[in-house]
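# Close look at the chain arrangement
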Amino acid sequence: MTALGRRTSAAEMPKGALWLRWAVSAIALSVLCFLVVLHPPARPGYLLLFAAAMILADVFFMVRVAPGAYFSFSPAFLFVYFLIAGSTGAALLTAVAHLGAWGVQLARKRTLQSPSYALSDASQHVLAALAGGGLVFVALRISVLFRGLPRALVPATFTFAAGYFIAFAILASAAVWLRSGSQDVRRHLWPTTVLWTAISFLVSIPFALTMRIVAPAIGGFVLAAVFTFAVLAGISVILRLNAKLQSGNSDLKAINSIGTLITATLEPSEIFGIIARESRRVLLWDGFFIALGGGDESEIEMIFLSEQGEELARRRLPRGAGLTGRAIDSGEVVHYGQGEDEQEIEDDDTFRGRRRPKSLVIAPMRFGDDVMGAICVQSYKPDVYGVSQIQLLQTIAGQAAIAVRNAQLFQSEKQATSERDEFLSLVTHEIKNPLTSIKGYASLVEESALAGDQEALREGLSVIRGETAKILRLTEDLLDASKMSAGRFSVELDDVDLAMLVKQVAKKYSDTVGHAIDVELDGVLPSIKGDPVRLSQVVENLVSNAVKYSPDGGKITISLRSGGGRVHLRVKDEGQGIAPDKQPLLFQRFYRVEEGGQTVKGTGLGLFISREIIQMHGGTIHLESTLGEGSCFTVELPA
Ligand code: ADP
């Protein structure tokens, strides 16, 4: 078309060629925009590569094909305008958004993030670049036109800009609609684009003016454009760094305030409320829960909280279930929403009755090597949580772990104090009663001895013996329990004839109480290795409980059988029974069922000691009971 060195102005180019170049650049950029919004590139480097390829192609076009058309319709220039001017627009937007959010925060003490941040960084960048760059391009065109280019180019330029924006709006909307649904187009894309366009327009005016002023001074528009881009890129970088620093500062402030607030309370529900409320200032979430249950617990308890820190619901999950279970078991962060299939977010980890989230981060609450639970934030939008948000949640989870551990220590200390008080009053009570009785009978014995009343003397001494035995039994139990807690309890193994032992205990109780006691022996029992004194203590405890807690009488059955290499001993009564919610607590030290006007005396040590003895023999004990119908304790010992 032209010989090398001859300059061709845009006006000299055939009209069809001009339109072709406009159309090609508009289509290329629109398709690029569509692809980038649909699949945000992992690295900005890909965008730069694309830009470099376009520039090379354009330089070739300019130099070899149409020198002089440089300013008119260069796709590379379009791209660079769009990219750099758009970055400036985005940086300014960030600054403005922060300023705005700062004002809003001051006014309402609310979150620092605007909802438009929900779109991924890459999509934001491209949207900003396209919206901003388009207008800068228009401004640049106008400034070029002022240099005396044909007036006919003015309407052509505006036609191009308008056409470009319509194409862009349709394609970007389609891309966002495909990715996250029509709601996001209406709620986020359009308002965001309008905002960016307005800001970019403001940016484009000083840009065009600078071009006008600088161009004559530094010898032409090419150098002026490079210079202006360089200045704008510099400003853009500074603004971005500043915005980053500011958001880092606000993160630090939030972490600091969470730390200060949660260490000021030892009430777990308050701690959880504070974490939910304060985290909302720096993390965008639609759903939030704290899961408790690390260590050797078999269940996870999830506490769902609102933005205000109020408890919404509680759920229990078996240990290891769902993504929460995975985070707690592995001690690692679980993150979904960056390209993964959102279907994988299981119902286990969501609050029933709400939409399934599209992004989610679960950070384990670690205290040293222990995982005590996890914190989870969820959003209905995809790609909400980036590296910095994940790190932020990890830091918050670390603080939460310390606060929860402190609260747990405080609670267990409180419980220990109340147990100690309870224990003291119980022991005093248990010792005082027999001592009072001993004291009374001692005077009676004295009087009977003086009066020579042999019958009364014998009776008095027998009561004193009985009461002394009670105190002795209590002190022995206390000693055993304390040895067990300190790990100093031991058994002396010997051959034990369990059938004989059971018969002796049954006889002892049949002679002294009014209950019918049946012993059922099933076949010949193998002898077992065990401590006869301690095993007899277990059987006695079970039988005496069966008697004590069957105040209305009823049959007590002790049965013995062997099978599967074990000996099975069952003590069954027809007494008051035990409510299901109390059954798991029964073998705890000092635990007694105090409900329903319990009048039978006891220390709550018998079953605790029995279970310890059985476990030292490699055996197990378990209970079946129905309230009001009776209980059955089954002991299994290795034969
Ligand atoms: P104590 O009998 O001294 O209170 P234990 O440890 O032997 O202590 O028993 C703990 C509690 O378990 C008792 O207080 C009682 O409420 C309940 N319990 C034990 N055995 C029976 C039983 N056979 N029937 C009903 N309740 C029982």
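Refer to the structure printed above.
Here we summarise the structure given alongside this text. Remember, it's a predicted structure, so these values are computed and weren't measured experimentally. All residue numbers refer to position in the chain's written sequence, counted from 1. Predicted model: local features are reported for residues with pLDDT of at least 70 only, side-chain atom pairs are reported and counted for 80 or more only, and whole-chain, interface and lining totals are derived from all residues. Note: side-chain values were computed over all heavy atoms of the structure, leaving out hydrogens and water.

## Things to note about the overall build of the protein chain
Secondary structure is summarised from DSSP: a helix means a run of H or I of at least four residues, a strand means a run of E of at least two, and numbering begins at the N terminus for each. Helix and strand counts for the protein chain stand at 15 helices and 13 strands. Here's how the labels work: a residue is buried when its accessible area is under 20% of the maximum for its type, exposed when over 50%, partly exposed in between, all with a 1.4 Å probe on protein chains only. When burial is assessed residue by residue, the protein chain has 46% of its 639 residues classed as buried. Working rule for contacts: check all heavy atoms of both residues, and any pair within 4.5 Å makes them a contact. Sequence separation of at least 24 residues holds for 67% of the intrachain contacts in the protein chain that already meet a minimum separation of 6. All accessible-area figures derive from a Shrake-Rupley calculation using a 1.4 Å probe, and residue coverage is judged against the displayed protein chains alone. Surface summary for the protein chain: the accessible area is close to 32,600 Å², and the carbon and sulfur share equals 60%.

## Some remarks on the site of the ligand
In this text, near means that some heavy atom of the residue lies within 4 Å of the molecule or strand in question. Around the ligand sit 21 residues in total, of which Asn 545, Tyr 549, Arg 592, Thr 603 and Leu 607 are the nearest. Throughout this description, a polar contact denotes any pair of N or O atoms lying within 3.5 Å of each other; where both atoms belong to protein, one of them has to be capable of donating a hydrogen while the other can accept it, and for residues adjacent in sequence the pair is counted only when both atoms sit in side chains. Separating a nitrogen atom of the ligand from a side-chain N or O atom of Asp 573 is a distance of 2.9 Å. Protein coverage of the free-state accessible area of the ligand, which is 530 Å², stands at 98%. Contributions of two or more residues to the shell around the ligand are made by helix H14 (532–548), helix H15 (606–616) and strand S13 (630–638).

## Focus: the nonpolar core
Among the nonpolar cores identified, the biggest contains 48 residues, and Leu 498, Leu 542, Val 543, Ile 558, Leu 560, Leu 586 and Phe 633 are the most heavily contacted of them. Residues grouped as a nonpolar core are buried Ala, Val, Leu, Ile, Met, Phe, Trp, Tyr and Cys residues, joined through side-chain atoms within 4.5 Å. Counting 36 residues, the second-largest nonpolar core is a separate cluster that includes Ile 258, Ile 274, Leu 292 and Ala 403.

## A look at the environment of Gly 373
Mapped onto the secondary structure, Gly 373 falls in strand S6 (residues 370–379). A relative accessible area of 0% means that Gly 373 is categorised as buried. Distance in space between the C-alpha atoms of Gly 373 and Asp 329 is 9.2 Å, their sequence separation being 44 residues. Dropping the residues within four chain positions of it, Gly 373 is found in contact with Ala 291, Leu 292, Gly 293, Gly 294, Ile 328, Pro 364 and Met 365.

## A word on the pattern of salt bridges
The working definition used for a salt bridge is a side-chain nitrogen of Lys or Arg within 4 Å of a carboxyl oxygen of Asp or Glu. Applying the stated criterion across every chain, the model contains 17 salt bridges. Put simply, Glu 455 and Arg 458 hold a salt bridge, and the shortest N to O gap is 3.6 Å. Separated by 3 residues within a single helix, Glu 455 and Arg 458 lie in helix H12 (residues 454–486), roughly one turn from each other. You'll find Glu 455 and Arg 458 in the same group, each marked exposed. The salt bridge partner of Glu 540 is Lys 508, with a shortest N-O separation of 3.1 Å.

## As for the pairing of strand S2 (residues 299–305)
Counting buried positions along S2 yields 6 of 7 residues, so the element is predominantly enclosed. If you look at the hairpin formed by strand S1 (residues 287–292) and S2, you'll find 6 residues sitting between the two strands, and Gly 293 has a positive phi there, around 130 degrees. Any two strands between which DSSP finds at least two bridges are classified as paired. Relative to strand S3 (residues 311–318), S2 is paired through 7 bridges, and the arrangement is antiparallel. Among the inter-strand pairings, Phe 304 is bridged to a residue of S3, identified as Ala 313.

## Overview of the sheet that holds strand S10 (residues 555–563)
If you trace the 5 strands from one edge of the open sheet to the other, you get S8-S10-S11-S13-S12, paired in mixed fashion. The sheet terminates laterally at strand S8 (516–522) and strand S12 (620–626), the two strands that pair on one side only. Neighbour-to-neighbour, the strand axes of this sheet turn through a mean angle of 15 degrees, independent of strand direction. Pairing between strand S11 (residues 566–572) and S13: 7 bridges, direction antiparallel. Bridge pairing links Leu 569 to Val 635 in S13. Here helix H13 (residues 498–512) sits on the sheet and contacts S8, S10, S11 and S13; the angle it forms with S8, its principal contact strand, is near 170 degrees. Every angle, taken between N-to-C directions, lies between 0 and 180 degrees, and every axis is a line fitted to C-alpha atoms, over only the stretch in contact when it is a helix.

## Considering a negative patch on the surface
Together, Glu 419, Asp 421, Glu 422 and Glu 594 line one region of the surface with negative charge. For Asp 421, the location among the structural elements is in helix H11 (residues 387–451). Its relative accessible area of 47% is what places Asp 421 among the partly exposed residues. Surface patches are defined over residues having more than 30% relative accessible area and no salt bridge, joining like charges when they lie within 9 Å and nonpolar side chains (Val, Leu, Ile, Met, Phe, Trp, Tyr) when within 5 Å. Note on charges: Lys and Arg go in the positive column, Asp and Glu in the negative column, and His and the chain ends are not counted at all. Throughout, a charge is located at the NZ atom of Lys, the CZ atom of Arg, the CG atom of Asp or the CD atom of Glu.

## What about the sheet that holds strand S4 (residues 334–336)?
The strand order S3-S2-S1-S6-S5-S4 describes an open sheet built from 6 strands, whose pairing is antiparallel. If you trace the sheet from one side to the other, it starts and ends with S3 and S4, each paired once. Strand after strand, the sheet turns through a mean of 20 degrees between neighbouring axes, direction not considered. Across 6 bridges, S1 lies against S6 in antiparallel orientation. Note on S6: the bridge partner recorded for Phe 289 is Cys 376. Set on the sheet, helix H9 (residues 268–279) makes contact with S1, S2 and S6; between it and S1 the angle comes to about 145 degrees.

## A word on the packing of H9 against H11
Relative orientation of the contacting elements H9 and H11 amounts to 165 degrees, with a least axis distance of 10 Å. What the angle tells us is that H9 and H11 run roughly antiparallel. For the crossing formed where H9 meets H11, the hand is right-handed. Every residue of H11 that contacts H9 at Pro 268, Ile 271, Phe 272, Ile 275 and Ser 279 is listed here: Ile 396, Ala 400, Ala 403, Val 404, Ala 407 and Gln 411. Every angle not falling under 35 degrees, over 145, or within 65 to 115 is termed oblique; those three ranges are roughly parallel, roughly antiparallel and roughly perpendicular. Here is the rule for handedness: rotate from the far helix to the near one, and if that takes an anticlockwise turn smaller than a right angle the crossing is left-handed, while a clockwise turn gives right-handed.

## So, H12
Taking 1.5 Å of rise per residue, the 33 residues of H12 would be expected to cover 48 Å, and the 48 Å separating its terminal C-alpha atoms lies within 8% of that figure. Turning to H12, its buried residues number three or more, namely Ala 456, Leu 457, Gly 460, Ile 464, Glu 467, Ile 471, Leu 474, Asp 477, Leu 478, Asp 480, Ala 481 and Met 484. Check the buried side of H12 and you find it contacts H11, H14 and H15. At the N-terminal end of H12, a side-chain oxygen is found 3.3 Å from the backbone nitrogen of Glu 455, two or three residues along, and the residue is Asp 453. Gly 487 lies just past H12 and shows a positive phi near 75 degrees. To estimate the expected span of a helix, count its residues, drop one, and scale the result by 1.5 Å.

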